[in-house]
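# Understanding the architecture of this molecule
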Amino acid sequence: MADLRLDDVWLSYAADEPAVLRGLSIDVADGEFYAMVGPSGSGKTSILKVLGGFLAPDAGRVLLDGSDVSGVPPERRDLGIVFQSYALFPHLTVGENVGFGLRMRGMRPREQRGEVARLLELVGLPGLQARYPDELSGGQQQRVALARALVTRPKALLLDEPLSALDRKIRQEMQGELRRIQREAGVTAIIVTHDQEEALALGDRLMVLDAGEVRQEGRPSWVYSHPRNRFVATFLGSANLLSGTVEAVEPSRIDLGGPIADGLALPDDARAGDRVTVCVRPERWRLAAVGEPRDAGVTLDATVRRVQLSGQVGEALLDSELGELAVTVLSSQVAELREGTSVRLHARPREIHVLDELESAASGAATAATGPAR
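Read on for a plain summary of the structure. As the structure is a computational prediction, the values presented were derived from the model and not from experiment.

### Thoughts on unusual backbone geometry
In this chain, glutamate 250 is followed by proline 251 through a cis amide linkage whose omega measures -5°. As for its placement among the helices and strands, proline 251 is situated in the loop between β11 (240–248) and β12 (253–255). Positioned with a positive phi, glutamate 161 is a non-glycine residue whose angle comes to about 50°. Tracing the sequence through the fold places glutamate 161 in the loop between β7 (156–160) and α6 (168–185). With a relative accessible area of 9%, glutamate 161 lands in the buried category.

This is the structure we're talking about:
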């Protein structure tokens, strides 16, 4: 295993174009599964190409186990790579595909066969050495690509949208398999994806990228429940963003334009009069009885506009005194959200997050408070 670092990396594809990566620094720990997510054009694949040695940064360093490998060619970085297309050789058998790297290193055929068998066992494809890629399903081809990348025992594994070609059901199954294989192989792994659910499910640590810059980094559950800004809040899933004004700091009290949110954790530098944004994820709302006494947090009255059953949950759109709200409930509660009915919603303080972005009452300028990354 190995640790990987990018240190203040800048990258442009042309001198007259904006930088694709802007002073980017990341630090991936030994044995970690590090997930990078961001919209198209955010720089995700460029990061992998810099790490793999396929692109040279304009400035900054690439460190592998503490050694600067910025000028080292890809074949000497000892990294395994799985591409979005899998890039299997169609004229070679599964065994020949997996053992290709070993042959290039001059390993004797008998030893090759043992290593190939070991890797196919690891990825759940024992005994398929004689098959050809076109005789395999998409999920099986993805496992072969993983086995080929791991057979040379690389220091780290780079995964470029490896599950994007699979249908939803197989992709979800393969997420669990990727975690298992990475753990059993004992390899540091970095995955880039545009799929937010995939990044949240796979990463020990998650980095949200936009326009070549890190917008937030930390444990996936923390980043999801404590987004620093509107971009992270909305990119990682549906979010109800409510604007308000801080009336008091200790204990906290936020005026949402009529309804009050109290008992919430505020950014460290929040002051009375500051404009803030309150984030409530759709699944954090609880259906409360109309007339139920108000408790700390946020309580709103709303009318159901639309509700749709989606497997084990129901997705509803409600009209409230603060505008449109998205609410997710269990399928057993869908009957309580019939269109046109009035409901009361409540979210407790620990289920609500105030974004770090503040608008100071004194200056009117937007600021971002710094908070824990993990």
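### What to know about the packing of aromatic side chains
Per the stated rule, a full pass over the model turns up two aromatic pairs. Ring centres of phenylalanine 89 and phenylalanine 100 lie 4.9 Å apart, and the angle between their planes is 50°; on these two criteria the pair is classed as tilted. Here phenylalanine 89 is found in the loop between β6 (79–82) and α2 (94–98), whereas its partner phenylalanine 100 is found in helix α3 (residues 100–104), with 11 residues between them in sequence. Given a relative accessible area of 29%, phenylalanine 100 falls into the partly exposed group.

### Section: the environment of alanine 270
Structurally, the position occupied by alanine 270 is in the loop between β13 (260–262) and β14 (275–280). Each C-alpha atom, one on alanine 270 and one on histidine 346, is 24 Å from the other, the two residues being 76 residues apart in sequence.

### Structural notes on α6
The first and last C-alpha atoms of α6 sit 25 Å apart over 18 residues, in line with the 26 Å expected at 1.5 Å per residue. Taken residue by residue, α6 has Arg171, Met174, Gln175, Glu177, Leu178, Ile181 and Gln182 as its buried positions. Where α6 is buried, its residues meet β3 (33–37), α4 (109–122), α5 (138–150), β7, β8 (188–193) and α7 (196–202). In the segment just after α6, glycine 186 is the residue with positive phi, at about 65°.

### Details of the pairing of β7
A regular strand places its side chains so that they alternate between the two faces of the sheet. Most of β7 is tucked away, with five of its five residues classed as buried. Burial along β7 is two-sided: Ala156, Leu158 and Asp160 and Leu157 and Leu159, pointing in opposite directions, are all buried. Taken together, the four bridges between β6 and β7 define a ladder with parallel strand orientation. Paired with glycine 80 across the two strands is leucine 157, which belongs to β7. Where β7 and β8 come together, five bridges link them in parallel fashion. Looking at the pairing, leucine 159 lines up with isoleucine 191 of β8.

### Description of the side chain of serine 42
By secondary structure assignment, the location of serine 42 is in the loop between β3 and α1 (44–52). Exposure remark for serine 42: the relative accessible area of 1% places this residue in the buried category. Looking at serine 42, its side chain comes within polar contact range of the main-chain oxygen of proline 39, at 2.8 Å. With residues up to four places along the chain from it excluded, the contact list for serine 42 reads Val20, Leu209, Asp210, Ala211 and Gly212.

### Some points on the nonpolar core
The nonpolar side chains of a soluble globular protein tend to be buried with one another. Within the largest apolar cluster, 43 residues are counted, with the highest numbers of intra-cluster contacts made by Val98, Leu146, Leu157, Leu159, Leu206, Val208 and Leu236. At six residues, α5 tops the list of elements feeding residues into this core. Ignoring anything within four residues of it in the chain, the contact list for valine 208 reads Val37, Glu213, Val214, Arg215, Gln216, Val223, Phe231, Val232, Phe235 and Leu236. Formed by 30 residues, the second largest nonpolar core is a distinct cluster that contains Val276, Val298, Val329 and Leu345.

### Some thoughts on the sheet that holds strand β1 (residues 4–11)
With antiparallel pairing, four strands are arranged side by side in an open sheet as β2-β1-β4-β5. Taken across any chain shown, the strands that pair with only one partner, and hence form the sheet edges, are β2 (21–28) and β5 (67–68). As defined by bridge partners, β1 adjoins β2 across five bridges and the pair is classed as antiparallel. Bridging from a neighbouring strand, leucine 6 pairs with isoleucine 26 of β2. Relative to β1, α1 is tilted by about 115°, and along the sheet it contacts β1, β2 and β4 (59–64).

### Looking at the sheet that holds strand β18 (residues 323–330)
If you trace the five strands from one edge of the open sheet to the other, you get β15-β19-β16-β17-β18, paired in antiparallel fashion. Each edge of the open sheet carries a strand with a single partner, namely β15 (286–288) and β18. Within this sheet the neighbouring strands show an average axis-to-axis angle of 50°, counted without direction. Where β15 and strand β19 (residues 342–347) come together, three bridges link them in antiparallel fashion. Across the sheet, the residue bridging to alanine 288 is arginine 344, located in β19.

Reading the values: rules and limits
Residues numbered from 1 in each chain as written. Predicted model: local features only at pLDDT ≥ 70, side-chain atom pairs only at ≥ 80, totals over all residues. Heavy atoms only, no water. Helix = DSSP H or I, 4+ residues; strand = E, 2+ residues; numbered from the N terminus. Buried < 20%, exposed > 50% of the residue type's maximum accessible area, 1.4 Å probe, protein only. Phe/Tyr/Trp six-rings, centres within 6.5 Å; stacked < 30°, edge-to-face > 60°. Expected span 1.5 Å × (residues − 1). Contact = heavy atoms within 4.5 Å. Pairing = 2+ DSSP bridges. Polar contact = N/O pair within 3.5 Å; in protein donor to acceptor, adjacent residues only side chain to side chain. Core = buried A, V, L, I, M, F, W, Y, C linked by side-chain atoms within 4.5 Å. Axes fitted to C-alpha atoms, helices over the stretch in contact; angles between N-to-C directions.

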